[in-house]
Amino acid sequence: MTMVPAEGGPTTGPTVLRMLLGAQLRRLRESSGVTREGAGWEIRSSESKISRMELGRVGFKERDVADLLTLYGVTEEHERDALLKLARDANSPGWWHRYGDVLPSWFQSYLGLEAAAALIRSYEVQFVPGLLQTREYARAVVLLGHGAAGPGEIDRRVALRMQRQQLLQRSNPPQLWAVVDEAALRRPIGGAEVMRGQLTALIEATKSPHIRLQVIPFAAGGHAAAGGAFTILRFGDQELPDIVYIEQLTSAIYLDKRDDLDYYAVAMERLCVEAEPPERTAEILSRLLDDTYPA
């Protein structure tokens, strides 16, 4: 059965469309008994190219998809048309394409996944989560990593971060569940005035029904995520696996193997237990605002 995302639904981003099409092609290949090597030969390519296609990690040529569908015995016109349309849509650039001059390729992949996620769970130890940053705080964070950049580039990097946040304003926003270390809230990024604005914005965010925010206090001591920040993305389509995203200074790691996913899922569950409950977050933030960043 061919599954094509509904127009305007949560999985219409090109990154996830590639993943969906790749999963469809893998199932068709396996059900027809064709090896990756055989499929690669059919499209004048290699076994590794078929593997990357099935994982949704490369673009699709319509000719290649059409040839594979023929090889796999897909002859019904409606099914072929649906999958070929999926291939065309999967090659469409995302909204972030226009920021390509300030956006590394490894982060473009994340933006596609983030835009398509139904649930975003993250742990942050150094900064407020990007989706919850104020413009002033975001500018201060950008300046930390790109202090030598000109004003125009800084403005574009901040605009990109603000554009990302629009997914929380959609009619069908993802659920955001963020756990933030107390250190990130006490670190005076941008100075006291910027932090006052940021904490006030976080207090307001706790009122949103699709945002859950927890704080891990210093008093909790060591915890399950001592290794650093990470994000777990879950998608509305059951055909797609969860993905763990770990950002580094000049690259990122994407994990989708079951053992890795289980490890990080357990770590996230422990963090949520060790953190203060969500209903206390506004009180904690208000106390930090008064004690650490008084007006």
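The text that follows walks through the structure, step by step, so that each part is easy to find. Per-chain numbering applies: the sequence of each chain, read as written, is numbered from 1 onward. With pLDDT at 70 or above as the cut-off, local features in this predicted model cover only qualifying residues; side-chain atom pairs require 80 or more to be listed or tallied, and sums for whole chains, interfaces and linings still use all residues. Working from all heavy atoms in the structure, the side-chain values ignore hydrogens and water.

Comments concerning the side chain of His 210
Put simply, the rule reads: To qualify as a helix, a DSSP run of H or I must reach at least 4 residues; to qualify as a strand, a run of E must reach at least 2; elements of each kind are numbered from the N terminus. Burial here depends on accessible area, computed with a 1.4 Å probe over protein chains only, as a share of the maximum for the residue type. Under 20% is buried, over 50% is exposed, and the range in between is partly exposed. Pairs of N or O atoms are called polar contacts if they sit within 3.5 Å, as long as, within protein, a hydrogen donor faces a hydrogen acceptor (for residues adjacent in sequence, only side-chain-to-side-chain pairs). Pairs of residues are marked as contacts when any of their non-hydrogen atoms sit within 4.5 Å.
Tracing the backbone through its elements, the reader meets His 210 in the loop between α10 (192-205) and β3 (211-216). Under the relative-accessibility criterion, His 210 is labelled buried at 14%. For His 210, the side chain forms a polar contact with the side chain of Ser 208, separated by 3.1 Å. Every residue in contact with His 210, bar those within four places of it in the chain, is listed here: Leu 168, Pro 173, Pro 174, Gln 175 and Leu 176.

Comments concerning the layout of surface pockets
Our working definition: Method remark: on a 1 Å grid restricted to protein atoms, a set of points is classed as a cavity if a 1.4 Å probe fits but cannot get out and as a pocket if it is open with protein on both sides within 12 Å along at least five of seven lines; lining residues have an atom within 4 Å of a point. Grid points are joined across faces, edges and corners, and a volume is the space filled by probe spheres set on the points. Three categories are distinguished: nonpolar for Ala, Val, Leu, Ile, Met, Phe, Trp, Tyr, Cys and Pro, charged for Asp, Glu, Lys and Arg, and polar for the others, with Gly belonging to the last.
Here the largest pocket defines a volume of roughly 1300 Å³. Forming the walls of the largest pocket are 45 residues, and the residues nearest its centre are Phe 127, Arg 161, Tyr 245, Glu 247 and Gln 248. Those elements giving two or more residues to the lining of the largest pocket turn out to be α6 (105-116), β1 (117-124), α7 (135-145), α8 (151-164), β4 (230-235), β5 (243-247) and α11 (258-274). Its boundaries defined by the atoms lining it, the second largest pocket holds a volume of some 480 Å³. For the second largest pocket, the lining is made up of 21 residues, of which Met 19, Leu 55, Gly 56, Arg 57 and Asp 256 are closest to its centre. Sorting the residues of the lining of the second largest pocket by element identifies α1 (14-32), α3 (47-54) and α6 as the ones contributing at least two each. The element that contributes the greatest number of residues to the lining of the second largest pocket is α1, accounting for 5 residues. Its residues assigned to classes, the lining of the second largest pocket comprises 9 nonpolar, 5 polar and 7 charged.

Let's talk about the packing of aromatic side chains
Each pair of aromatic rings is reported with the distance of its centres and the angle of its planes. Defined as follows: In this scheme Phe, Tyr and Trp rings, the latter by its six-membered ring, pair at centre separations within 6.5 Å, and the angle between planes marks the pair as stacked below 30 degrees, edge-to-face above 60, and tilted otherwise. By definition here, charges over rings are those cases where NZ of Lys or CZ of Arg is within 6 Å of the ring centre and within 35 degrees of the ring normal.
Under the definition given, this model contains 9 aromatic pairs. With 5.6 Å between their ring centres and 85 degrees between their planes, Trp 95 and Trp 96 make a pair best called edge-to-face. Assessed through its relative accessible area of 26%, Trp 95 is described here as partly exposed. Judged by centre distance (6.3 Å) and plane angle (85 degrees), the ring pair of Trp 95 and Tyr 99 falls under edge-to-face. The exposure class assigned to Tyr 99 is buried, which follows from its relative accessible area of 8%. In this structure an aromatic cluster arises from ring pairing among Trp 106, Phe 107, Tyr 110, Tyr 245 and Tyr 254. The ring centre of Trp 177 lies 4.3 Å from the NZ or CZ of Arg 212, which sits over that ring.

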